[in-house]
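Overview (structure and organization)
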Amino acid sequence: MRRPGDLLLVLLWSFTSGARSLNIPFEVEQPPTIINHTAGPVIALPFDNTLTIRCEARGNPPPEYTWTKDGQELNLPNIPTVKIDNRNGIFMFHKKHFGQFRGKYRCFASNKLGTAMTEEIEIVVSTSPKFPKETLDTIVVKEGYPITLHCNPPEGVAPREIYWMTQSLQHIKQDERVSMGTDGNLYFAYALPEDSRKDYGCNAVFQRIRTIVQKMPLSVKVERLEPQNNSSENVSPTLPVRAPSLLLPSGVQSEKLLLKGQDLHLECIPGGYPTPKMTWMKMGETLTDRIKLDNFKKLLTISTVDEKDEGKYMCMAENSAGKADHYFDVIVEEPPRWRAKPPQNQLSVNGSDVFIKCSVDGKPTPVITWRKNGKILQDDRENNRRVLDETVMLHKAGPEDSGVYQCEASNRHGSVLANINVLVMNIAPLMLTKDFQEYAVIEGGAIVMNCSVFSSPQSSISWTKEGTAVEGERFHVLEDGQFLEIIRAEKGDTGKYACMASNREGMSSLTALLEVKDPTKIVAPPRDAQISSGNLARLMCRSEYDRSLQGTFEVIWRKDGEEIFRSSENSFRYKMEGDQLQIRDVNISDQGSYTCIARTSLDEDTATAFLTVLDTPDAPMSLKILDQESRNVTLSWIPGSDHNSSVTEFVVEYEESHWEPGRWKELQKVAGNQATAELFLHGDLNYQFRVYAVNAIGPGPPSEPTERLKTPPAAPDINPENIRIHGHLPHEMEISWDPLLPTEYNGPGLEYKISYRKLEVEDKWHEHLVTRPSFIVRNTSTFAPYEIKIQSRNSLGWGPEPKPITGYSGEDIPTAAPHNVAVEVINSTALRVSWSPVLPATVRGHLGGYMVHWERLKSFLSPDKILEEHNSKSFPGNRSHVIVSGLKPFSEYRLTVNVFNKKGKGPKSDPVNFDTPEGVPEIVPVLIPRIQDDDTVLLEWGPPPVTNGILIGYLLKCNVLDKTSLEEIDSFELTITLPDVTQHQIVRPDKGSLFRFYLSACTRAGCGPAQLAENHSPPEKVGTEASNSTQRWFIGTLCAVALLTLVAVIVCFVMKTKGGKYAVKEKEDLFPDAESQAMNDDAYEYSSDNKQMKKPILDSTNDTVQDSISRDSLVDYSDGDGEFSEDGSFIGEYSGPRHRDFISEPSGPSTATA
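These lines cover the structure that appears in this document, whether it is placed above or below. Note that the structure is a prediction, hence the values are computed from the model and not measured. (Residues numbered from 1 in each chain as written. Predicted model: local features only at pLDDT ≥ 70, side-chain atom pairs only at ≥ 80, totals over all residues. Heavy atoms only, no water.)

What about the overall build of the protein?
For the record, the criterion: Strands are runs of DSSP state E lasting at least 2 residues, helices are runs of H or I lasting at least 4, and numbering of each runs from the N terminus. Remark: exposure states derive from per-residue accessible area (1.4 Å probe, protein chains only) relative to the maximum for the residue type, with buried under 20%, exposed over 50%, and partly exposed in between. By definition in these notes, contact holds between two residues if any of their heavy atoms fall within 4.5 Å. All accessibility values rest on the Shrake-Rupley procedure with a 1.4 Å probe; residue burial counts only the protein chains present in the view.
Helices and strands together make up the secondary structure of the protein, namely six helices and 92 strands. Looking at the protein residue by residue over its 1154 residues, the buried ones come to 45%. Contacts spanning at least 24 positions in sequence make up 67% of the contacts within the protein whose residues lie at least 6 apart. Carbon together with sulfur atoms contributes 49% to the accessible area of the protein, which is approximately 59400 Å² in total.

Section: the packing of aromatic side chains
Test applied: For Phe, Tyr and Trp, rings pair up if their centres lie within 6.5 Å, where Trp contributes its six-membered ring, and each pair is then called stacked (planes under 30 degrees apart), edge-to-face (over 60) or tilted (otherwise). Charge-over-ring placement is defined geometrically: NZ (Lys) or CZ (Arg) within 6 Å of the ring centre, and within 35 degrees of the ring normal.
All told, the structure shown has 21 aromatic pairs when counted by the stated rule. Centroid distance Phe 91 to Phe 93: 6.0 Å. Interplanar angle 25 degrees. Geometry classified as stacked. When sorted by exposure, Phe 91 lands in the same class as Phe 93, which is buried. Plain terms: the ring middles of Phe 783 and Tyr 808 are 4.5 Å apart, the flat faces sit at 15 degrees to each other, and that makes the pair stacked. Within this pair, whereas Phe 783 is found in the loop between strand E70 (774-778) and strand E71 (785-794), its partner Tyr 808 is found in strand E73 (residues 805-808), the two being separated by 25 residues in sequence. Relative accessible area serves as the criterion here: at 19%, Phe 783 is assigned to the buried category. Grouping aromatic residues by their ring pairs yields a cluster made of Trp 67, Phe 91, Phe 93, Phe 98, Phe 101 and Tyr 105. Sitting above the plane of the Tyr 545 ring, Arg 547 keeps its charged end 4.3 Å from the centroid.

Looking at the sheet that holds strand E63 (residues 676-680)
Rules: For two strands to count as paired, DSSP must find a minimum of two bridges between them. Between N-to-C directions, angles cover 0 to 180 degrees, with each direction set by a line fitted to C-alpha atoms, over the stretch in contact for helices.
Spatial strand order, E59-E60-E63: three strands in an open sheet with antiparallel pairing. With one partner strand each, in any of the chains shown, strand E59 (621-626) and E63 form the two edges of the open sheet. Between one strand axis and the next, the sheet turns through 20 degrees on average, direction left out of account. Pairing of E59 with strand E60 (residues 632-638) involves four bridges; the strand directions are antiparallel.

As for the layout of surface pockets
Note the cut-off: Using protein atoms alone on a 1 Å grid, points that fit a 1.4 Å probe yet trap it form a cavity, whereas open point sets bounded by protein on both sides within 12 Å along at least five of seven lines form a pocket; residues with an atom within 4 Å of a point count as lining. Grid points are joined across faces, edges and corners, and a volume is the space filled by probe spheres set on the points. Under the scheme applied, nonpolar residues are Ala, Val, Leu, Ile, Met, Phe, Trp, Tyr, Cys and Pro; charged residues are Asp, Glu, Lys and Arg; polar residues are all the others, including Gly.
Of the volumes computed, that of the second largest pocket is approximately 380 Å³. Around the second largest pocket, the lining comprises 15 residues; the ones closest to its centre are Met 180, Gly 181, Thr 182, Asp 183 and Leu 299. For the lining of the second largest pocket, the secondary structure elements donating two or more residues are strand E15 (160-165) and strand E23 (264-267). Take the lining of the second largest pocket: its biggest share by element is four residues, from E15. Its residues placed into classes, the lining of the second largest pocket shows four nonpolar, six polar and five charged.

What about a nonpolar patch on the surface?
Let me state the cut-off plainly: Within the patch definition used here, like charges are joined within 9 Å and nonpolar side chains (Val, Leu, Ile, Met, Phe, Trp, Tyr) within 5 Å, considering only residues with over 30% relative accessible area and no salt bridge. Any carboxyl oxygen of Asp or Glu that lies within 4 Å of a side-chain nitrogen of Lys or Arg is treated as forming a salt bridge with it.
A grouping of Leu 1043, Leu 1046, Val 1047 and Ile 1050 is seen on the molecular surface, where their side chains present a nonpolar patch of about 370 Å² in accessible area. Tracing the backbone shows Ile 1050 in helix H4 (residues 1024-1057). Owing to a relative accessible area of 46%, Ile 1050 belongs among the partly exposed residues under this scheme.

As for the state of the cysteines
One covalent bond between the sulfur atoms of two cysteine residues makes up a disulfide. Note the cut-off: Any pair of cysteine sulfurs within 2.5 Å is marked as a disulfide.
Under the criterion given, the structure shown has seven disulfides. One disulfide in the model links Cys 451 with Cys 499; its S-S distance is 1.8 Å. An S-S torsion of about -80 degrees defines the bridge between Cys 451 and Cys 499 as left-handed. Highlighted residues: Cys 451 in the loop between strand E41 (447-450) and strand E42 (453-456) and Cys 499 in strand E47 (residues 495-503), separated in sequence by 48 residues. With respect to class, Cys 451 is no different from Cys 499; both count as buried. The residue that forms a disulfide with Cys 541 is Cys 596, at a sulfur-sulfur distance of 1.8 Å. Between Cys 541 and Cys 596, the S-S dihedral sits near -70 degrees, and the bridge is therefore left-handed. Of this pair, Cys 541 sits in the loop between strand E51 (537-540) and strand E52 (542-544) while Cys 596 sits in strand E57 (residues 592-599); the two residues are 55 residues apart in sequence, bridging distant segments of the chain. Judged by its relative accessible area of 0%, Cys 596 falls in the buried class.

Topic: the environment of Thr 648
Relative to the helices and strands, Thr 648 is located in strand E61 (residues 647-656). Measuring from C-alpha to C-alpha, the distance between Thr 648 and Ala 696 comes to 7.3 Å, with 48 residues separating the pair along the chain. If near-sequence neighbours (up to four positions away) are discounted, Thr 648 is found in contact with Val 670, Ala 671, Gly 672, Val 694 and Asn 695.

Here you go:
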């Protein structure tokens, strides 16, 4: 019992004590401190080979270890199966010694300054649990009476589970009547005949030691009640009502003791008939809402109890025959625990008072035992050492009072132990922080510089910067000066800082170096972006940082908070390229928030952008078919994710298993904002459907297919399309069409009914049934119109009524030639041809057009030479005049016209002869100016290779040029009337004049294109030898030109015989003729007789006269036999060069008639 004087002394010393709690730096000598040890109890399991007990402490000097067992010093045997580590207090022993080492252990760690100890460590050696061998009699009970089958399971290593089973390992069925208690016994509220059996087995399972033990089987015999007189012997009588009784627990009242934090289990198992119902209550209070009722309300559980759950509880069993109850006194106690925290280590100066308080709670109230260095500490007033319950007081403590004090609080539920290191000493300041420690901080940031000091008594600490005291609102001295904090650092804060610590035992100082650095900034942050799947994404992150921190600078990227290059399975697709993060082959999993972190060892800056990935839509889900009995069905679905790009359409596909199994075809498209489709299906098919979505990125994957849908057979829904009428022979008509697809049959037995009749006469319908998609009507009139219908049918009926179309029977070649053919010569290369069209009846087919043939008989330049130049040109459509170009000037021609159809050409018209007038010559091939002396220039040239008429002379135009700029300063023209002259001398107006010459050859039709030559060379004296040389050179040039001309003629002849083509556009481009341009109003094509067909030419431009043909025109054909294809083009022989000569002035209209 604490006396009043002792209480006053405790209060006085608690206010005057100079001790302070601390963490003693390891550099200072100090007693041991336990840092790790094995917590008890330790259970040695049967399958453990060894057991290790640990005890680790730190101290200066390093501690040594000893152990006690059951309060006695432990001397471990020196045998191989027991190993000791004296460095850290660990010992290990083999399983053969488990029984020998059972007991309670303490570890003691000691050095010259004291001894620390651990709590008791109990070693428990488990044994294999067993049921006792016993002989059990059969339990005999009357029907309707309660039964209790006792298990009495053996103790073992927790947890333990109990199961009641038969010998065939079938669980005993449990219900409201039959249940197992927490004690392991099996309880029957009342017995029934079916409860009789000889193999009730109680099984105990110990999971931690992997053991199952089984009790000897129990035998139960239930005796039937005697049946009433009027009852059959095989019918069980009605059970008499029995009042409730409690099979568990026994008696009227029991006590339940448990520790705070444990779970409370209260159990009442009743007997009686009918099975009693259970109710629970707490006397004087309402049951907490934390209760849980199990096993048909027979078990009440409250988890993690505390003092509020103490009290008196009652269970009541009730049926129609009465009631039974039981009372539980619930008591909640608590093992010792620290009221706030364990006592702390203390440092005191010599002569001060030391106060050690050990504040604990527990129920029952814990008993406190004080020790010093592991030995019991007694109250000693004479030496000023008081031990008063939870307090130890040391008055005027000295170095001899230093040591490890132990406070151990115990009650019947456990104990707690604290080791308190008490140092009583005087020591000058000891700097624990490194001198000349370097610190760095970012401008605007905060930095804390350390000046850790250990001293006794406590030191006074001050900070200076380069001899000046540190002051200001940005500077904070913390923890008695051991830390200097600078906030909102500035560049001027860079420098040397001094920390000085002093007490009455001495003084010490250190220097700290601070550097303020530039902050890290992201100057080009990433931006939100959208990108299509499969492309390369780029995210920019450019930053600036202090270059002195370059060695620690790094850029880190995180996606949705997770670092990319460390955690992502697809990190190989990420690449850092300069200031960019590149993501290859982007997919939808790459969508998210990307954070760029520019980081140094001092600071970091972050920027975030969101990457949106546009991808194809996900597959639709949950496809459903409605109205499955008809062929008009509704298909519905749930759209999948559109992956950030709106769905534009859904495509419904189908697959049928009869005609093309496994092949999916498009059936219908619906808008992207719909999730249903109305489908019209063909009959007699086994369908399944799937749907895929389409967005701007592309089509997504298809959905899972639906179940198969079998449509009923029906008559055809459609008739054949694309009906074609052919007439390969004059008296036949072939009818063909595109057959129905197999999926369009709608049923078996598909056929086609062909109906036809002749138009313009009274004719009946002729009908035929066929299965092939073609039919030939024979013995028809030539090119007669017919009305045709084709209708599909199958074994279930006819398709819809078809619409008739009109076609013609076979064609024949035309029988009449055009008459009144007239020719009007427009100019030297073009003429207008006119005629009277033939009668339609004589065409005997579809009119293809007219063909004009012309033959060049002779050239008036060589009248004695016989020419065989045949050309022809077809003109599609029904017309009566055309323009023919490409003729050669100054020639005699013969011309005929005939009509053609698809079958061939009709007879030619009577021939018409006409002449073409002269044209202008071609360009002079060569023009060479030569300076003879200072006053004259000699021009030499070659005659034109083609004159297109009688050459009458030349036209020479001279431009005088400025010597410096070469611009024209004067000009004059000169007509040379001698056609055979090939040179001319020009007198120079002054010495050194420069000229530009244009020379054209002329006929009576005009002058041709000009050849250009310039004189830019300085004057050159030309003597007799020079003149002869010039003549020789000129003759050589003319010979070369003649040779080249001969080669060209030979090449042209060879190409003509092979059907070659000649390009003459160059001359037309050089000398366009407005008159010729106006004539080019028809599309046509040239050909020569008995030659192959030529390709069409593009239409002419406005500047030149070109041969052209419309894409719809009929191709020319020759005099030989041939046919035109169905579209009107003639298939025959066609060849010959195309000529597009320059058209000179017209010589006046002239007409020739046959």
